Amino acid sequence: MTDPTARYRTVDVPVAGGDLRVGVWDAPTDAAPSVLLIHGVTASHLSWPFVADRLPDAQVIAPDLGGRGRSNALVGPAGLAAHAHDLVAVLDALEVDNAIVVGHSMGAFVALVLADLQPERVSRVVLVDGGLPLDLPEGLSTDEIIRLVLGPTAERLAMRFASGDDYLDFWRGHPAFRRDWTPELERYLAYDLVGDEPELRPATSYATLVEDSVDQNSGTAIADALDRLPRPTVLLTAARGLLDQVPPLYAEERLPGLLAAHPGLGHVPVADVNHYTIVLSARGADAVAAVVHEQPAALG
């Protein structure tokens, strides 16, 4: 693998409520296409180095969404449309007319809303284990939805860690990464911490997570975007879930009905990855990059 820092830099883009931190992997020429990568609900732009490394001929743009990473101090309302407007500001700041948009997990829902609100800024959409409605029981409270969908991922936001090593040790026991502990993962996890020892904490704002989760799981924005699908859209699904378990987020028995309801949506299943390692591993990134390159047959 090439040096992940060779083309990498960060910029701060002014948006409503503050500055958005944006990771940029530069392209070899000004004529190269742009790929906008949108991370998941408690992630950051450093969830994308494996994918960025497999797109050497593109300008790769990956923001920390508001309330996450080094954008966690943004003030004002959140929600999918607010994130979409921030992403337009990022494209404007980097003088990008339109981009291939790739969203992972919650980022896939943001990608759909962005394409629906600003179709002229989006050439294609790639949804990575997200974007389609989840199979949730009716009548759940917001906290119940967050516990059901995110579980320990959300619970850790209230935790404090004495050192960066303690935080890495916390994650070493996570079943999703037993086979995929890498320097890229350690860098991603180290970046997640803010504050001072011995009171280090994850960067994600719980209040923003709640607002985004409510928006994602209620209202009509996602259903409307899926009904319209103004740009070619492909869904990749992981074989296993957040805890490396079966069934995955999109269970095999549900997928035919979901895909039949949205006949314009392409689908590529990705074997031997879970909800995290579909982007945070070499084999997962191979699958994502193949679809970005419009070569899904390469997945085998």
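Above this text you will find the structure in question.
K.L.:
Looking at this model, I keep getting lost on helix H11 (residues 282–292). Mind explaining?
P.N.:
Within an α-helix, residues lying three or four positions from one another point in the same direction, as the helix has 3.6 residues per turn. Of all 11 residues in H11, eight are buried; the element is thus mostly enclosed. Those residues of H11 not exposed but buried are Gly284, Ala285, Ala287, Val288, Ala289, Ala290, Val291 and Val292. Those residues of H11 that are buried lie in contact with strand S3 (34–38), helix H1 (49–53), strand S5 (99–104), strand S6 (122–128), strand S9 (233–238) and strand S10 (265–270). Put simply, Ser281 is the residue that caps the front of H11, since its side-chain oxygen is 3.1 Å from the backbone nitrogen of Gly284. Following H11 by one or two positions, Glu294 adopts a phi angle in the positive range, close to 60 degrees.

K.L.:
Please explain the sheet that holds S3 as it appears in this structure.
P.N.:
Remark on secondary structure: sheet strands pair via backbone hydrogen bonds, oriented parallel or antiparallel. Taking strand neighbours across the sheet as the criterion, the eight strands line up as S1-S2-S4-S3-S5-S6-S9-S10 in an open arrangement whose pairing is mixed. Looking at which strands have only one partner, the edges of the open sheet turn out to be strand S1 (8–15) and S10. When the angles between neighbouring strand axes are averaged without regard to direction, this sheet yields 25 degrees. Pairing analysis gives eight bridges linking S1 to strand S2 (residues 18–25), with the strands arranged antiparallel. Paired with Val11 across the bridge in S2 is Val22. Each of S1, S2, S3, strand S4 (59–63) and S5 is contacted by helix H2 (residues 80–93), which is oriented at about 120 degrees to S1, the strand it contacts most.

K.L.:
Where do I start with the layout of surface pockets in this structure?
P.N.:
If a probe as big as a water molecule is rolled over the atoms, it shows which places are left empty. For the largest pocket, the calculated volume is near 390 Å³. Lining the largest pocket are 21 residues, with Leu148, Val149, Gln245, Pro248 and Leu249 positioned closest to its centre. If you list the elements that add at least two residues to the lining of the largest pocket, you get helix H4 (142–150) and helix H5 (152–155). Examining the composition of the lining of the largest pocket, we find that three residues originate from one element, H4, more than from any other.

K.L.:
Just to check I follow, could you spell out the side chain of Asp180 for this structure?
P.N.:
Along the chain, the position of Asp180 falls in the loop between helix H6 (164–172) and helix H7 (183–191). By relative accessible area, Asp180 is classed as buried at 7%. Among all residues touching Asp180, those that are not within four sequence positions of it are Leu185, Thr277, Ser281 and Arg283.

K.L.:
What should I look at first to understand the pattern of salt bridges in this one?
P.N.:
A side chain with one charge may pair with a side chain of the opposite charge, provided their charged atoms come close. For the structure on display, the rule yields 15 salt bridges. The partner of Arg9 in a salt bridge is Asp26, and the shortest N-O contact between them spans 2.9 Å. With Arg9 in strand S1 and Asp26 in the loop between S2 and S3, this residue pair connects regions lying 17 residues apart in the sequence. Asp26 gets classed as partly exposed once you look at its relative accessible area, which sits at 29%. The partner of Asp169 in a salt bridge is Arg172, with the nearest N and O atoms 3.2 Å apart. Taken together, the positions of Asp169 and Arg172, both in helix H6 and three residues apart, correspond to about one turn of that helix. For Arg172, a relative accessible area of 42% translates into the label partly exposed. Via salt bridges that share partners, Arg179, Asp180, Arg240, Asp244, Asp272 and Arg283 belong to a single interconnected network.

Analysis parameters
- Residues numbered from 1 in each chain as written.
- Predicted model: local features only at pLDDT ≥ 70, side-chain atom pairs only at ≥ 80, totals over all residues.
- Heavy atoms only, no water.
- Buried < 20%, exposed > 50% of the residue type's maximum accessible area, 1.4 Å probe, protein only.
- Helix = DSSP H or I, 4+ residues; strand = E, 2+ residues; numbered from the N terminus.
- Contact = heavy atoms within 4.5 Å.
- Polar contact = N/O pair within 3.5 Å; in protein donor to acceptor, adjacent residues only side chain to side chain.
- Pairing = 2+ DSSP bridges.
- Axes fitted to C-alpha atoms, helices over the stretch in contact; angles between N-to-C directions.
- 1 Å grid on protein atoms, 1.4 Å probe; cavity = no way out; pocket = protein on both sides within 12 Å on 5 of 7 lines; lining within 4 Å.
- Points joined across faces, edges and corners; volume = space filled by probe spheres on them.
- Salt bridge = Lys/Arg side-chain N within 4 Å of Asp/Glu carboxyl O.

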